[in-house]
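Coordinate analysis (summary)
Each chain, written out:
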Amino acid sequence: MASTHTPAHPAGPAAGTQLLDHPGADAPEAFGPEVETNRHRMPRQTRGASPLLGVTAVAATLGATGFASATPAAAPAVEVPDETPVALSADPGLALAARIQQQADSQRTAAEEGARVQAAQEAEAKAAAKEAEAKAAAKEAEAKRAAALTLPVKDYRLSAHYGQSARYWANVHTGLDFAADTGTAVYALGQGTITSAGWSGSYGYRIVETLPDGTEIWYCHLSSIIKGAGQVTSGQQIGKVGATGNVTGPHLHLEVRPGGGAPVDPEPWLQQRGLNP
C-alpha cells in the first residue's frame with residue numbers, strides 16, 4: 001500500500017527552520033491522531049545566530065538590573081546641621097517637663113512678686129509707724145513746752161506778795177512783785193498768746209498773755225512792750241521792767257487769773273508747776 005505522507009520540501013521557506021505539514025482540506029483521513037498531535041508542537045530552532053541574540057539580550061537585561069546592583073552607586077551627600085532642633089511636642093516626656101518648668105517659673109515669679117509686695121507693705125507700715133511716732137513725739141514735746149513755765153524775771157527780789165495791804169493800795173495786793181532795775185528783760189511765763197497789750201491805768205503799760213488752758217497772766221508796770229500780739233513761747237522776751245502806773249519803784253507786777261477770772265496767789269500756783277520764785 002503506497003504512503004500518503006508528503007515529505008517536507010528540502011528547500012522550504014526557511015532554511016533554518018523545518019515546518020511541520022498541516023493537512024489541508026483535501027488531506028486523507030488516514031493521518032488521524034498523528035496529525036492532531038503535531039499541530040501543538042513548537043517549531044524546532046536550528047543552531048545559528050539566534051542563540052547569540054538571546055545571550056546578548058539577557059546580558060543587557062542583567063546589566064540594567066542584576067549587574068547594575070553589583071556595583072553600588074555613590075550615596076548623595078547629605079549636609080547635617082551641627083545642632084538639630086529637638087521638637088518637644090514629638091516627645092511627650094519633654095513636653096511635660098517643659099510645662100512643669102513653665103509652671104514652676106510662673107509660681108516662682110508669683111512668689112517673688114508676693115514677697116516684693118509684702119516687703120513694700122511692711123516698709124510702708126514701718127514708715128507710717130515711724131511717722132506716727134514722730135508726730136506723737138512732736139505733740140508730746142509741744143505739750144511739754146506748753147506746760148513748761150519759766151520765771152518772768154531772772155535777776156530780781158520779791159518786794160510784795162499776794163494779799164498784802166498797805167496805804168498806797170486801794171485794796172489788798174492782787175499779785176506778786178519782782179523788783180528789778182528799769183529795762184530788765186521780762187519773759188513770757190509759758191507758751192501762749194498775747195491777747196492784750198498797752199496802757200492800763202494804775203497798772204501802767206500792761207501785757208496780757210493767755211495760756212492754752214485759758215489762764216491769763218498779767219505783766220504790769222512795764223517800761224516798754226516788745227511783743228504786743230501773737231504766739232509766744234516760754235522764756236521769750238516780751239517787754240522790760242518799768243515804773244509806770246501806780247508804783248513807788250521799778251518792778252514787775254505779776255498776776256495769775258485762771259480762766260480770765262479773779263486773780264489767785266501766784267506763789268503756790270508757780271510752785272505747783274515746779275517754779276520757786
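So, here's what we can say about the structure. (Residues numbered from 1 in each chain as written. Predicted model: local features only at pLDDT ≥ 70, side-chain atom pairs only at ≥ 80, totals over all residues. Heavy atoms only, no water.)

As a further point, take the overall build of the protein chain. A count of helices and strands for the protein chain gives five helices and nine strands. Its helices and strands taken in sequence order, the protein chain reads α-α-α-α-β-β-β-β-β-β-β-β-β-α from the N to the C terminus. Every one of the 277 residues in the protein chain was classed for burial, and the buried ones make up 21%. When contacts within the protein chain are restricted to residue pairs at least 6 apart in sequence, those whose partners lie at least 24 apart make up 58%. If you sum the accessible surface of the protein chain, you get close to 19,100 Å²; carbon and sulfur atoms cover 56% of it. (Helix = DSSP H or I, 4+ residues; strand = E, 2+ residues; numbered from the N terminus. Buried < 20%, exposed > 50% of the residue type's maximum accessible area, 1.4 Å probe, protein only. Contact = heavy atoms within 4.5 Å. Areas by Shrake-Rupley, 256 points an atom, 1.4 Å probe, with all protein chains shown as cover.)

With that out of the way, let us pick up the pattern of salt bridges. Applying the stated criterion across every chain yields a total of four salt bridges. Note that Arg-116 and Glu-113 form a salt bridge whose closest N and O atoms lie 2.6 Å from each other. Of this pair, Arg-116 and Glu-113 both sit in helix H4 (residues 92-147), three residues apart, which is roughly one turn of that helix. Judged by relative accessible area, which is 39%, Glu-113 ranks as partly exposed. Salt-bridge contacts for Glu-131 lead to Lys-135; the nearest nitrogen and oxygen are separated by 3.6 Å. Pair noted here: Glu-131 and Lys-135 are both in helix H4, with a separation of four residues, about one helical turn. Residue Glu-131 is classed as partly exposed on the basis of its relative accessible area, which comes to 45%. (Salt bridge = Lys/Arg side-chain N within 4 Å of Asp/Glu carboxyl O.)

Once that is clear, we can look at the packing of aromatic side chains. Summed over the entire model, instances satisfying the criterion amount to three aromatic pairs. Arranged with centres 4.9 Å apart and planes meeting at 80°, the rings of Trp-199 and Tyr-205 form a pair that is edge-to-face. For Trp-199, a relative accessible area of 53% gives the class exposed. Positioned above the aromatic ring of Tyr-187, the side-chain terminus of Lys-154 is 4.9 Å from the ring centre. One Lys or Arg, Arg-206, reaches over the ring of Trp-218 and ends 4.4 Å from the middle of that ring. (Phe/Tyr/Trp six-rings, centres within 6.5 Å; stacked < 30°, edge-to-face > 60°. Lys NZ or Arg CZ within 6 Å of the ring centre and 35° of its normal.)

Right, let's get into a nonpolar patch on the surface. Taken together, the side chains of Trp-199, Tyr-205 and Ile-225 present a nonpolar region at the surface, about 300 Å² in accessible area. Turning to its location among the elements, Tyr-205 is positioned in strand S5 (residues 205-210). Look at Tyr-205 and you get partly exposed, because its relative accessible area is 35%. (Patch = residues over 30% accessible without salt bridge, like charges linked within 9 Å, V, L, I, M, F, W, Y side chains within 5 Å.)

To continue, consider the pairing of strand S2 (residues 176-179). The alternating pattern of S2 places Leu-176 and Phe-178 on one face and Asp-177 and Ala-179 on the opposite face, and all of these are buried. Here three bridges tie strand S1 (residues 157-160) to S2, and the two strands are oriented antiparallel to one another. Of the residues in S2, the one forming a bridge with Leu-158 is Phe-178. The sheet contact formed by S2 and strand S9 (residues 251-257) spans four bridges and is antiparallel. Along S9, the bridge assignment pairs Ala-179 with His-251. (Pairing = 2+ DSSP bridges.)

For the rest of this paragraph, the subject is the side chain of Glu-267. By the secondary structure assignment, Glu-267 is in helix H5 (residues 266-271). An unpaired buried charge is present at Glu-267: no salt bridge exists, and Arg-157, the closest side chain of opposite charge, is 13 Å distant. A distance of 2.5 Å separates polar atoms of two side chains, one belonging to Glu-267 and the other to His-161. (Lys, Arg positive; Asp, Glu negative; His and termini not counted. Polar contact = N/O pair within 3.5 Å; in protein donor to acceptor, adjacent residues only side chain to side chain.)

Turning to the side chain of Glu-209, a few remarks are in order. Note on placement: Glu-209 falls in strand S5. Among buried charged residues, Glu-209 stands out as having no salt bridge; its nearest opposite-charge side chain is Lys-227, 11 Å away. Within the structure, the side chain of Glu-209 is placed 3.3 Å from the backbone nitrogen of Gly-192, a separation counted as a polar contact. Ignoring sequence-local partners within four residues, the contact set of Glu-209 consists of Ala-188, Leu-189, Gly-190, Gln-191, Gly-192, Thr-193, Ile-194, Thr-215, Glu-216, Ile-217, Tyr-219 and Val-232.

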